[in-house]
Amino acid sequence: MKLSTILIPSPSSLWTTVRSVGAFNVACSFAVLWASIKVLRALRWRLKTTQLRGPPRTSFIYGVSHDLMSSKDSPAMYEHWATEYGVAYMIPSVLGLTKIALCDPRAIAHFYARETWTYLQTPLSLMMIETSIGRGIIWSQGENHRRQRKALTPAFSNAAIRKLASVFYDSAYKAKSAWETAIESSKDGNAVIEVQNWMNHISLDTIGITGFSHDFGSLDGKRASVTEVFDSFGNNQKASAVNQVFVLLASAFPIILKIPTKRTVLLKKLGVTMGEISNDLLIRSRQEKDVNSSKIDEEKSIIGLLIKSESQDAELHLSEEEVVAQMKSLLLAGYETTSISLTWALIELSQHPDIQTKLREELLAFGADPTYDQLKTDLPYLDGVVHEILRLHPAVPESIRYAAADDVIPLSEPVCTESGEMTDSISIAKGTLITIPTASINRSSAIWGPDAKEFKPDRWLTEDGISGKAKEVQGHRHLLTFLDGPRTCLGKDFAIAEFKTVLSVLVKNFVFEMRDGLDTPVEPVRGILPRPRVVGEDGIGVPLRVRRYE
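Thresholds, definitions, all that
Residues numbered from 1 in each chain as written. Predicted model: local features only at pLDDT ≥ 70, side-chain atom pairs only at ≥ 80, totals over all residues. Heavy atoms only, no water. Core = buried A, V, L, I, M, F, W, Y, C linked by side-chain atoms within 4.5 Å. Buried < 20%, exposed > 50% of the residue type's maximum accessible area, 1.4 Å probe, protein only. Pairing = 2+ DSSP bridges. Helix = DSSP H or I, 4+ residues; strand = E, 2+ residues; numbered from the N terminus. Axes fitted to C-alpha atoms, helices over the stretch in contact; angles between N-to-C directions. Contact = heavy atoms within 4.5 Å. Patch = residues over 30% accessible without salt bridge, like charges linked within 9 Å, V, L, I, M, F, W, Y side chains within 5 Å. Areas by Shrake-Rupley, 256 points an atom, 1.4 Å probe, with all protein chains shown as cover. Salt bridge = Lys/Arg side-chain N within 4 Å of Asp/Glu carboxyl O. Polar contact = N/O pair within 3.5 Å; in protein donor to acceptor, adjacent residues only side chain to side chain. Phe/Tyr/Trp six-rings, centres within 6.5 Å; stacked < 30°, edge-to-face > 60°. Lys NZ or Arg CZ within 6 Å of the ring centre and 35° of its normal. Parallel < 35°, antiparallel > 145°, perpendicular 65-115°, else oblique. Nonpolar A, V, L, I, M, F, W, Y, C, P; charged D, E, K, R; others polar.

The next thing to look at is the nonpolar core. Within the largest apolar cluster, 80 residues are counted, with the highest numbers of intra-cluster contacts made by L102, W179, L359, I426, I436 and L503. Grouped together as the second largest cluster of nonpolar side chains are 51 residues, A151, V226, L318 and A497 included.

Taking strand neighbours across the sheet as the criterion, the five strands line up as β1-β2-β8-β5-β3 in an open arrangement whose pairing is mixed. This sheet does not close on itself; its edge strands, each paired only once, are β1 (88-92) and β3 (119-121). Sheet twist, expressed as the average angle between the axes of neighbouring strands with direction ignored, equals 40 degrees. Contacts from helix α4 (residues 74-85) reach β1, β2 (98-102) and β8 (433-436) within the one sheet, and its direction differs from that of β1 by about 125 degrees.

Right, let's talk about the sheet that holds strand β4 (residues 190-194) for a bit. On the basis of which strands lie adjacent, the open sheet formed by three strands has the order β4-β12-β9 and antiparallel pairing. Each edge of the sheet is formed by a strand with only one pairing partner; in this case those strands are β4 and β9 (510-514). Strand-to-strand twist across the sheet, computed as the mean angle between neighbouring axes with direction ignored, equals 35 degrees. Where β4 and strand β12 (residues 543-548) come together, five bridges link them in antiparallel fashion. Bridged to N190 within β12 is R547. Its contacts with the sheet place helix α16 (residues 320-351) against β9 and β12, and it is angled at close to 80 degrees to β9. Against the sheet, helix α23 (residues 492-509) makes contact with β9 and β12, and its axis sits at roughly 90 degrees relative to β9, the strand it touches most.

Glancing now at a nonpolar patch on the surface. A surface patch of nonpolar side chains, about 540 Å² in accessible area, is lined by F60, I61, L95, F253 and I255. Structurally, L95 is set in the loop between β1 and β2. Take L95: its relative accessible area is 40%, and that puts it in the partly exposed class.

Here we come to unusual backbone geometry. The backbone of H478 sits at a positive phi, close to 65 degrees, despite the residue not being glycine. The residue H478 is located in the loop between α22 (468-471) and α23 in this model. Given a relative accessible area of 25%, H478 falls into the partly exposed group. Backbone geometry places L483, a non-glycine residue, at a positive phi of 60 degrees. Tracing the sequence through the fold places L483 in the loop between α22 and α23.

Okay, the side chain of T423 next. Residue placement: T423 occurs in strand β7 (residues 422-428). With relative accessibility at 18%, the residue T423 sits in the buried group. Here the side chain of T423 touches S425 through a polar contact of 2.6 Å, landing on its backbone oxygen.

Attention shifts here to the pairing of β8. Residue alternation in β8 divides its side chains into two sets, L433 and T435 and I434 and I436, and both sets are buried. Across three bridges, β2 lies against β8 in parallel orientation. By the bridge assignment, I100 is partnered in β8 with I434. Inspection of the sheet shows strand β5 (residues 399-403) paired to β8 by four bridges, in the antiparallel sense. Bridged to R401 within β8 is I434.

A word on the packing of aromatic side chains. Scanning all chains against the criterion turns up 12 aromatic pairs. For the ring pair Y78 and W81, a centre distance of 5.9 Å and an interplane angle of 85 degrees mean the geometry is edge-to-face. Here the residue Y78 and the residue W81 both occupy positions in helix α4, the gap between them amounting to three residues, near one helical turn. Both residues of the pair, Y78 and W81, count as buried. Members of the aromatic cluster, each reached through a chain of ring pairs, are W179, W198, F510 and F512. One residue, R391, lies across the ring of W448, its end atom 5.3 Å from the ring centre.

Between α16 and helix α17 (residues 353-366), whose axes approach to 5 Å, the crossing angle comes to 110 degrees. The orientation of α16 with respect to α17, classified from their angle, is roughly perpendicular. Residue-level inspection shows L349, S350 and Q351 of α16 in contact with α17, the latter providing P353, I355, Q356 and L359. A class-by-class count of the residues in the contact of α16 with α17 yields four nonpolar, three polar and no charged.

The following block contains the structure:
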């Protein structure tokens, strides 16, 4: 048959056909087509992916995802499954989906080396990130991520952070002064202080000044609009049960996030609020650059680099949308992660007074406030305390990605498959969901030894304090807290320097105790990221009894 004789139907004739067949029949045809594609993909996935053992499905709809999300100790669940099923296992998830959990150092190193190229963020993660902070460095992937990261890297060099040490101290001493005033006005020489709010204030003011040359003034009692939105995430735990259902279902159908719930509304409000703040700071900084451009370039501040990247040609250019997204990303990361780590540090030191005393003795023996370089090398016990907090309480407890291509992941020890065979590698089909349970691996007894659950800063003081298996974990100091590979946390050194600075000032000047005694229970609650809370307190309350060290 000649090509010219093939009749191509016009849109009007197609519409006539659809009307004659019936809309219902057309809808059924599309439904069958969609179902067929799903079945074929599922069949390919099953044929291409090593079928591993794993926990049984406890819910037809949620798999075990609801159990994990509602658990007060999900890392223990992951560790239990690793003990029972091996270092790689399958987890039944929402609506028939399956995730593969990797708890093996070699497998995790392989995974992170290929992250942002082979292993990408899930559609749900991308939608949530874009809604709240835009298409910045946290959202971007592949070459786009490499370009954005390269543009920001100079702001987080050792030389750049060294210049910021005075800002870290200023924030810590502002809190110290306010606490001393509260203690002096008390009758018995101590005060009950809600420390988590104060750590939030320290973190926000610090990232404002160091990143954007802007003082939010929260340590001086000013109420920043962004803090109200941040705080609201953790202040309504009753509503979070409903939000859990939406998040779980959204992992299968991300479009569900378009339905307005309390959390999705807050995410949008957070994005709008941070966007307004970022735009205001950007406009002001551009005006300052016009007056004195050399100062911004010379300081290599974050805002200076971002403004410079707007006018940069070639590979390091950032669009205005990307610049604002970077500012929102830094605001969020600077506020959330460091304040969570500082709060956990004060809780652990209050629950372990002997460790608190030992840390204070080291700081007092050192004398004057240490410089940035001295904080890195001359205070080993402070370093141990900080890294033990980062080990036990990572701000992001789990990373979930999906495979953009088929892959084979090597294992350091063999696992038993669903069919009973042993294998030292697992095949991964395109589309497979992979989870790295960071918090579980950081405190795994199989990796860190029998004392893995203990708060034990001494483990960081000697070479043999870290067990052999833990040494196989790639990442900062054998921890996955800052991820690894191309997406290693860019602000890692900044965060650790701020953490050490603030903790050194507070512990040297104050004694901390749990308000209701050593055995006061603390639980994780869901904010933007999981946060600690003293059981029975509202919101994210962590009241500690604080007195001056005499």
